[in-house]
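Here is what each chain is made of, one letter per residue.
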Amino acid sequence: QVQLTESGGGLVQAGHSLRLSCAASGRTFSIFRMGWFRQAPGKEREFVAAITGSGGRTDYADSVKGRCTISRDNAKNTVYLQLNNLKPEDTAVYYCATYYPTSWDYWGQGTQVTVSS
C-alpha cells in the first residue's frame, strides 16, 4: 500500500512563493514517476508538473511553466513543488500522485494553497 502525504500549503500574497512537499512510503520510490496536480473550486483536477524516477526529466503545464520547479530527493522519498510568483488563479488544493504502470494510481490527501491579491 502506497501512502502519499503532502505538506507546505498555506495562505500567501500574490507574488510570493511556496514549496510543497510530498512524502511517500510503501513503494520503491526511486523507480516511479511522480506528479503534482491541482483542483480549484468548481473546476476539474488538472496536471501541474511531473518528474521521472531519476529526476532526469520534468514536464510542466503551460500555466505554471517558468514559475514552478518540481524536484525529488529519492533518499528521503520526497518530491517537491516550488511555486514562485504566485497568482490568485493558483489557488487550489494541490495533490501529489505516483504513476504506475500506465496511469496515476495513488494520490495524497492534498494541501490547500490560497493566494490573495
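The rules behind the values
Residues numbered from 1 in each chain as written. Predicted model: local features only at pLDDT ≥ 70, side-chain atom pairs only at ≥ 80, totals over all residues. Heavy atoms only, no water. Pairing = 2+ DSSP bridges. Helix = DSSP H or I, 4+ residues; strand = E, 2+ residues; numbered from the N terminus. Axes fitted to C-alpha atoms, helices over the stretch in contact; angles between N-to-C directions. Buried < 20%, exposed > 50% of the residue type's maximum accessible area, 1.4 Å probe, protein only.

A. Region of the structure containing the sheet that holds strand 8 (residues 78–83). Strand order in the open sheet formed by four strands is 1-3-8-7, and the pairing between neighbours is antiparallel. Where the open sheet ends on each side, the last strands, each with one partner, are strand 1 (3–7) and strand 7 (68–73). Recorded for the sheet is a direction-independent mean angle of 15° between the axes of neighbouring strands. Inspection of the sheet shows strand 3 (residues 18–25) paired to strand 8 by six bridges, in the antiparallel sense. Across the sheet, A23 pairs through a bridge with T78, a residue of strand 8.

B. Inspection of the pairing of strand 1 at higher detail. Side chains of strand 1 alternate between two faces, with L4 and E6 buried and Q3, T5 and S7 left unburied. One ladder, built from five bridges, connects strand 1 with strand 3; its direction is antiparallel. By the bridge assignment for strand 3, S7 is matched with S21.

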